[in-house]
Amino acid sequence: MTAGASLRRLLLTLHIASSVGLLGAVAAFLLLAAIGVAAAKPGIYLAMNLITVYLIVPLAWASLLIGMLQSSVSPWGLTRHYWVVIKLGLTATALVVLLLQTETIELLSDLPMATLLTPDWTSARSSMVLHAGGGLLVLLLATVLSVYKPRGLTPYGWNRRGD
């Protein structure tokens, strides 16, 4: 199933905008997480929670869903090329990890600074840096796949070559 050029361009624009917004929001989160580990700054974890709830989660869903729709109506297809399937897998995995981390992020934002600085919470604070850094790498890898589009058809793509 393919759509007209105008619809494909609109969906591509929305997908790129949501993906770039997500990349920037995750980079901001990573910066705040690093500052939170390095120095006792009040409000860092509250800001991280707000960025997560109001930017990262909605943009991640938008990027995933718009990307799926956009690829479904384009000649690339959702399951015809390995680079699209890999990108879909990376994005879906990153979204699941993000959703699993939202509870910890919210918990950190509710704790008083004195409690956050105790050794009991060091691993949770460091985990925010690790997860945000990993998320940023996954998003950059998805970007590289989108730009370079390595060759390779899936078995489904081989069967649908003539369509």
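Reading guide: rules and limits
Residues numbered from 1 in each chain as written. Predicted model: local features only at pLDDT ≥ 70, side-chain atom pairs only at ≥ 80, totals over all residues. Heavy atoms only, no water. Patch = residues over 30% accessible without salt bridge, like charges linked within 9 Å, V, L, I, M, F, W, Y side chains within 5 Å. Areas by Shrake-Rupley, 256 points an atom, 1.4 Å probe, with all protein chains shown as cover. Salt bridge = Lys/Arg side-chain N within 4 Å of Asp/Glu carboxyl O. Helix = DSSP H or I, 4+ residues; strand = E, 2+ residues; numbered from the N terminus. Buried < 20%, exposed > 50% of the residue type's maximum accessible area, 1.4 Å probe, protein only. Contact = heavy atoms within 4.5 Å. Expected span 1.5 Å × (residues − 1). Bend = angle between axes of the 7 residues up to and from the residue. pLDDT = per-residue confidence, 0-100. Axes fitted to C-alpha atoms, helices over the stretch in contact; angles between N-to-C directions. Parallel < 35°, antiparallel > 145°, perpendicular 65-115°, else oblique. Left-handed = near helix turned anticlockwise from the far one by under 90°. Nonpolar A, V, L, I, M, F, W, Y, C, P; charged D, E, K, R; others polar.

1. Focus: a nonpolar patch on the surface
A cluster of nonpolar side chains, contributed by L46, L50, V53 and Y54, occupies part of the molecular surface with about 410 Å² of accessible area. Tracing the backbone through its elements, the reader meets V53 in helix α2 (residues 44-72). Accessibility expressed as a relative area gives 41% for V53, which makes it partly exposed.

2. Description of the environment of K41
Examined against the element boundaries, K41 turns out to sit in the loop between α1 (5-38) and α2. By relative accessible area, which is 42% here, K41 ends up partly exposed. Expressed as a C-alpha distance, the spacing of K41 and G135, which sit 94 residues apart in the sequence, is 23 Å. Dropping the residues within four chain positions of it, K41 is found in contact with I35 and M113.

3. Describing helix α3 (residues 82-110)
The end-to-end C-alpha separation of α3 is 42 Å, in line with the 42 Å expected for 29 residues at 1.5 Å each. In α3, a bend of some 35° at Q101 exceeds every other bend along the element. Turning to α3, its buried residues are W83, V84, K87, L90, T91, L95, L98, Q101, I105, L108 and S109. Close packing links the buried residues of α3 with α1, α2, α4 (113-116) and α5 (122-148).

4. Remarks on unusual backbone geometry
Positive phi, normally seen in glycine, also occurs at K149, with a value near 40°. One can find K149 in the loop between α5 and α6 (155-159). Residue K149 is classed as partly exposed on the basis of its relative accessible area of 29%.

5. Focus on the confidence of the model for the chain
Across the chain, pLDDT averages 92, with 97% of residues at or above 70. Between the elements of the chain, mean pLDDT differs from a low of 77, seen in α6, to a high of 97, seen in α2.

6. Comments concerning the environment of R8
As for its position among the elements, R8 is in helix α1. Distance from R8 to L69, taken between C-alpha atoms, is 9.4 Å for residues 61 residues apart in sequence. Leaving out residues up to four positions away in the same chain, R8 has contacts with A3, Q70, V73, S74 and P75.

7. Points about the packing of α1 against α5
Viewed as axis vectors pointing N to C, α1 and α5 meet at an angle of 155°, and their least axial separation amounts to 9 Å. If you check the angle between α1 and α5, you find them roughly antiparallel. You can see that α1 and α5 cross each other, and the crossing is left-handed. Along the contact surface, α1 presents L22, L23, V26, A27, F29, L30, A33, A34, G36 and V37, while α5 presents R125, S126, M128, V129, A132, G133, G135, L136, L139 and L140. Considering only residue class, the contact of α1 with α5 consists of 15 nonpolar, 4 polar and 1 charged.

8. Considerations on the packing of α3 against α5
How two helices pack is summed up by the angle between their axes together with the distance between the axes. Between α3 and α5, the shortest axis-to-axis distance is 10 Å and the interhelical angle comes to 160°. Put simply, α3 runs roughly antiparallel to α5. Between α3 and α5 lies a crossing whose hand is left-handed. The residues of α5 that touch α3, namely those facing W83, I86, K87, L90, A94, V97, Q101, T104, I105 and L108, are A124, R125, S127, M128, H131, V138, L141, A142, L145 and S146.

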